[in-house]
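Chain by chain, the residues run as shown.
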Amino acid sequence: MSRSARVVWDDALTTYDFGPGHPLAPVRVELTMALARQLGVLDKIETVGCVPASDDELTMVHQPGYIEAVKRVSASGLPDAGAGLGTVDNPAFKGVHEASALIAGASLAAARSVWEGSAEHAVNVAGGLHHAMPGLASGFCVYNDPALAIAWLLRQGVERIAYVDVDVHHGDGVQAVFYDDPRVLTISLHESPRTLFPGTGFPEETGAEGTSVNVALPAGCGDAGWLRAFHAVVPPLLRAFAPEILVTQHGCDSHALDPLANLMLSLDGQRTAYAALHRLAHETAGGRWIATGGGGYELVQVVPRAWTHLLAEAAGEPIDPATPTPEGWRQYVRERTGEIPPLTMTDGRVPEFRDLSGGYDPADPIDRAVMATRNAVFPLHGLDPMP
């Protein structure tokens, strides 16, 4: 399906580093790019560099006073409680502005590539920092690169943009920025806010004209439940909204091994979701697709394999899940982390699900979650909420 694809990368993207012991360790993207390189994926997708987002670009989403506060923390390394820096989630560190602005710049470069037509798909695996608010760092996120990419596209004259967030946590920052903007459809599938940070993302949060969509899933839903929910909500809404560009966030913390959450997906379920979003980009957005990384805190077993699958999918040459991981990469993992690397590109699952069109079960918590979302927003898009 892909005609051209790019990955935006600079080794300096790994300087977004909250320090030893923090869950968001930059080695995860380092290992991702190493695995993609050794599997030959980077031979099939153009790699381009990036520059930090300028202050003018950052103010498309963030308050000038907040940017200045981040710069002060960046220079001194001292905390600023008002900016949300210096907390357990968001430790203060010297260089935080420069590191955060570079990640934002990478997602802006991806957006520019797709908008200008130099690439049909563009990926920033270091991005997806979806919790950052206009005036506050939150949830490991300082500058909200997906929101900045969307805001930049709107500035260019794009009239309809869809954002689909499959991170286990609610995409609250992106939702907040565009909550009252009917040009932007935000869809987030996440673990219920009753059991997980950030405590938002209920179905009744519908935004302007139903363009804020939230699927709050019960813990333990697994591949079958998650994919059932995805297909019951995302394709019909994207078809109805008909975006000019699709932006997606691919936090892989929905995996069963992730230490911070509980949705219990497999790598194979996640890979299936990437393929579905790729198809939907072609079906509903003329193939224009911008993808970012996001959460994911199992640094060796999950993140590198998941996002290598994402890059291969964007390149139009998906990896056979039975493919062994290269021995050179395994050795690099052992040297870099001291951990035992995975041997293949699969968890050995064959993701299957029952489509909601076959009827729903009101006693099933997944179906109840799905119907809560469909009832809240489908009529606002001219869709029948009943399966």
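See above for the structure.
In this report, we go over the structure that sits alongside the text. Bear in mind that the values here come from a model prediction, so they are computed numbers and not experimental data. (Residues numbered from 1 in each chain as written. Predicted model: local features only at pLDDT ≥ 70, side-chain atom pairs only at ≥ 80, totals over all residues. Heavy atoms only, no water.)

Topic: helix α7 (residues 222-241)
Helix length check: α7, at 20 residues, gives a terminal C-alpha distance of 28 Å against a target of 28 Å (1.5 Å per residue), a fit within 8%. Histidine 231 marks where α7 bends most, by close to 30°; the proline proline 235 follows one to four residues later. Of all the 20 residues making up α7, 16 are buried; the element is thus mostly covered by neighbouring parts of the structure. Taken from the residues just after α7, alanine 242 is the one with a positive phi, measuring 50°. (Helix = DSSP H or I, 4+ residues; strand = E, 2+ residues; numbered from the N terminus. Expected span 1.5 Å × (residues − 1). Bend = angle between axes of the 7 residues up to and from the residue. Buried < 20%, exposed > 50% of the residue type's maximum accessible area, 1.4 Å probe, protein only.)

Thoughts on the side chain of serine 254
Structurally, the position occupied by serine 254 is in the loop between β7 (245-249) and α8 (267-285). For serine 254, a relative accessible area of 3% puts it in the buried group. Engagement of the side chain of serine 254 in a polar contact is seen with the side chain of glutamine 270, the distance being 3.0 Å. Discounting residues that sit within four places of it in the chain, serine 254 has contacts with Val168, Leu263, Met264, Leu265 and Gln270. (Polar contact = N/O pair within 3.5 Å; in protein donor to acceptor, adjacent residues only side chain to side chain. Contact = heavy atoms within 4.5 Å.)

Digging into the packing of α8 against helix α9 (residues 303-315)
For the pair α8 and α9, the least separation of the axes is 10 Å and the interaxial angle reads 25°. By the angle class used here, α8 and α9 are roughly parallel. Here the hand of the crossing between α8 and α9 comes out right-handed. Contacts between α8 and α9 involve Leu267, Gln270, Arg271, Tyr274, Ala275 and His278 on the former and, on the latter, Arg305, Ala306, Trp307, His309, Leu310 and Glu313. (Axes fitted to C-alpha atoms, helices over the stretch in contact; angles between N-to-C directions. Parallel < 35°, antiparallel > 145°, perpendicular 65-115°, else oblique. Left-handed = near helix turned anticlockwise from the far one by under 90°.)

So, the pairing of strand β6 (residues 212-217)
Of all 6 residues in β6, 6 are buried; the element is thus mostly enclosed. Where burial is concerned, the two faces of β6 agree: the one with Ser212, Asn214 and Ala216 and the one with Val213, Val215 and Leu217 are both buried. Examined bridge by bridge, strand β5 (residues 184-191) and β6 share 6 bridges and lie parallel to one another. The residue bridging leucine 189 from the neighbouring strand is valine 215, located in β6. (Pairing = 2+ DSSP bridges.)

A closer look at the packing of helix α4 (residues 96-116) against helix α5 (residues 145-156)
The contact between α4 and α5 brings their axes to 8 Å, and the two run at 40°. Between α4 and α5, the angle falls in the class oblique. Between α4 and α5 the crossing geometry is right-handed. When α4 is examined against α5, the residues Ile103, Ala104, Ser107, Leu108, Ala111, Arg112 and Trp115 are found in contact with a partner set consisting of Asp145, Leu148, Ala149, Trp152, Leu153 and Gln156. Across the contact of α4 with α5, the residue classes tally to 9 nonpolar, 2 polar and 2 charged. (Nonpolar A, V, L, I, M, F, W, Y, C, P; charged D, E, K, R; others polar.)

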